[in-house]
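Take a look at the letters that make up each chain.
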Amino acid sequence: MSAARFIVSGRVQGVFFRASTRDQALALGLRGFARNLPDGRVEVLAAGDDVALDRLAAWLRQGPATAHVDDLERLAALDQEAGEDFVVT
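Calculation rules
- Residues numbered from 1 in each chain as written.
- Predicted model: local features only at pLDDT ≥ 70, side-chain atom pairs only at ≥ 80, totals over all residues.
- Heavy atoms only, no water.
- Core = buried A, V, L, I, M, F, W, Y, C linked by side-chain atoms within 4.5 Å.
- Buried < 20%, exposed > 50% of the residue type's maximum accessible area, 1.4 Å probe, protein only.
- Helix = DSSP H or I, 4+ residues; strand = E, 2+ residues; numbered from the N terminus.
- Contact = heavy atoms within 4.5 Å.
- Pairing = 2+ DSSP bridges.
- Axes fitted to C-alpha atoms, helices over the stretch in contact; angles between N-to-C directions.
- Salt bridge = Lys/Arg side-chain N within 4 Å of Asp/Glu carboxyl O.
- Phe/Tyr/Trp six-rings, centres within 6.5 Å; stacked < 30°, edge-to-face > 60°.
- Arc of directions from axis to C-beta.
- Polar contact = N/O pair within 3.5 Å; in protein donor to acceptor, adjacent residues only side chain to side chain.

## What about the nonpolar core?
Ranked by size, the top nonpolar core spans 22 residues in total, and within it Phe6, Val8, Phe17, Leu30, Val44, Leu56 and Leu60 carry the most contacts. It is helix α2 (residues 50-60) that contributes the most residues to this core, six residues altogether. When sequence neighbours within four positions are dropped, the list of residues in contact with Leu30 reads Ala25, Ala46, Ala47, Gly48, Asp49, Ala52, Leu53, Leu56 and Phe86. Formed by six residues, the second largest nonpolar core is a distinct cluster that contains Ala3, Leu45, Ala77 and Ala82.

Structure (structure tokens):
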């Protein structure tokens, strides 16, 4: 299992970004969380199969139809941080 932390910038708060990310992550069999950051970005931590993480990253670059993603940063993360499910906080 691998894990990655994504920081998504743009119009990503108040547009169902976190809920849509949860749906995508669960469909890909990933664990982790999505949460708003105080500066208007969204942080996503996901753990699972490398191919699934790459697919989530590709989706995060676009986001849901109501969002506008300006930038996506991918950082290393620890699998233990992901928890047992994928949640929105």
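## Digging into the sheet that holds strand β5 (residues 86-88)
With mixed pairing, five strands are arranged side by side in an open sheet as β4-β1-β3-β2-β5. Edge positions in the open sheet fall to β4 (68-76) and β5, since each of these has one partner strand only. Looking at each pair of strands side by side, their axes are set apart by 15° on average, direction ignored. Looking at chain direction, strand β2 (residues 31-36) and β5 are connected through three bridges and run parallel.

## Section: the pattern of salt bridges
Tallied over the full model, the rule gives seven salt bridges. In this structure, Asp23 engages Arg22 in a salt bridge whose closest nitrogen and oxygen atoms are separated by 3.7 Å. The partner of Asp39 in a salt bridge is Arg41, and the shortest N-O contact between them spans 2.8 Å. With relative accessibility at 29%, the residue Arg41 sits in the partly exposed group.

## Observations concerning the packing of aromatic side chains
All told, the structure shown has one aromatic pair when counted by the stated rule. Seen in terms of ring centroids, Phe17 and Trp59 are 5.8 Å apart; in terms of plane orientation they differ by 45°. Their pairing is tilted. Linking Phe17 in helix α1 (residues 17-27) with Trp59 in helix α2, this pair joins segments that are 42 residues apart in sequence. Under the relative-accessibility criterion, Phe17 is labelled buried at 1%.

## Topic: α2
An α-helical segment advances 3.6 residues per turn. Residues three or four places apart therefore align on the same side. Considered for burial, the residues of α2 that qualify are Ala52, Leu53, Leu56, Ala57, Trp59 and Leu60. Summarising the axial view, the buried residues of α2 lie within an arc of 160°, below the 170-degree limit, and thus occupy one face. Residues of α2 that are buried sit in contact with β1 (2-11), α1, β3 (42-48) and β4. Its side-chain oxygen 3.0 Å from the backbone nitrogen of Val51, Asp49 forms the N-cap of α2.

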